[in-house]
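# Coordinate inspection notes
Listed below, chain by chain, are the residues.
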Amino acid sequence: MGLGRDMFIPKQSSWIVRKIIATREWFSTVAISVIPTLQLPIKEGKYSIKIAYGMMLPQYPKVNLKSLVILQGPIPRHQFIIWLALHQRLSTVDRLRKWGIQVQTDCVLCENVVIESHEHLFFDCGYSQHIWAAILQWVGLNRDIGYWHSEVEWLGKKVRSKRPWNVILGFLFTATVYHVCMERNNHRFNKQKKTFESLIRDIALQLHIVGQKHVRWALCLHRLNRFPRV
Ligand SMILES: [Zn+2]
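The model shown is predicted, which means the values in this text are computed figures rather than measured ones.

### Here we look at the overall build of the protein
Each helix and strand counted, the protein has eleven helices and two strands in total. Here the protein holds 230 residues, and 23% of them are scored as buried. If you take every contact in the protein between residues at least 6 apart in sequence, the share linking residues at least 24 apart comes to 59%.

Listed below in structure tokens is the structure:
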């Protein structure tokens, strides 16, 4: 059956049926003409409410988010922050402004004239980029740092294996995100600043303290028996 603009909506239909028909019409006319690449919410020749609903939800990268949140080892407060970050729920300035809360918009970490957003903090910001790069170098990884989605995607694949180095990498990522958030809060609300060196040392120390409970990490920790270079 064609999904034309003139589709007949029976007057006696319930509210929800009328909405469903209207949604079909919207997809068939507005959405498809505006977004040519949009996937049709049709399965086996039939219109699918489930697919249509999924298409209307915000899209997150298809990575194993659960792996990053439920890693062995992360400190609970780090887990909480990474969960918020993975769901783009950190209270960054761009989100605060949407709620009508007025704060200084510039990034307090790199002090650039840029509206602080999730995308900026991770890892467009020179400050957080510097920290994550130092941590990666510490574990012997020299790679260009991407933006949030590419870093999460890269890590999501790594942490699936549960090898000690990968679990440690996941721990360090969650710790980095946590410390960047805390440092941002301290800069913004308490006017307190830590040096790069002390923040990176905190992350390294936390890894070694938590690592005492993980026998499989011992060999890796032995090789990380020095502070990261800043
Ligand atoms: Zn910044």
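Next comes the rest of the description.
### Some points on the environment of D144
With respect to the helices and strands, the residue D144 is situated in the loop between α7 (126-138) and α8 (148-158). A residue is classified by how many C-beta atoms lie within 10 Å of it, and D144, with 6 of them, is exposed. Separated by 15 residues in sequence, D144 and Q129 place their C-alpha atoms 9.9 Å apart.

### Brief notes about helix α9 (residues 164-190)
With 27 residues, α9 extends 37 Å between its outermost C-alpha atoms, agreeing within 8% with the 39 Å of an ideal straight helix rising 1.5 Å per residue. At the exit of α9 stands K191, carrying a positive phi of roughly 55°.

### A word on unusual backbone geometry
A cis amide bond, omega -5°, links F122 with the succeeding residue F123. For F123, the position within the fold is in helix α6 (residues 118-124). Phi at Q88 takes a positive value of approximately 55°, unusual for a residue other than glycine. Positionally, Q88 belongs in the loop between α4 (76-86) and α5 (93-98). Of note in the backbone geometry, E111 takes a positive phi value of approximately 60° without being a glycine.

### Quick look at the packing of α7 against α9
The relative placement of two packed helices comes down to the angle between their axes together with the axis-to-axis distance. Across the interface, α7 lies against α9 with an axial gap of 10 Å and an inter-helix angle of 155°. Classed by the angle they form, the pair α7 and α9 counts as roughly antiparallel. α7 and α9 meet at a crossing whose hand is right-handed. Along its contact with α7, which presents S128, I131, W132 and I135, the element α9 presents L172, T176 and V180. Here the residues of the contact of α7 with α9 are counted per class, giving five nonpolar, two polar and no charged.

Rules of the game
- Residues numbered from 1 in each chain as written.
- Predicted model: local features only at pLDDT ≥ 70, side-chain atom pairs only at ≥ 80, totals over all residues.
- Helix = DSSP H or I, 4+ residues; strand = E, 2+ residues; numbered from the N terminus.
- Buried ≥ 20, exposed ≤ 12 C-beta atoms within 10 Å, placed from the backbone.
- Contact = placed C-beta atoms within 7 Å.
- Expected span 1.5 Å × (residues − 1).
- Axes fitted to C-alpha atoms, helices over the stretch in contact; angles between N-to-C directions.
- Parallel < 35°, antiparallel > 145°, perpendicular 65-115°, else oblique.
- Left-handed = near helix turned anticlockwise from the far one by under 90°.
- Nonpolar A, V, L, I, M, F, W, Y, C, P; charged D, E, K, R; others polar.

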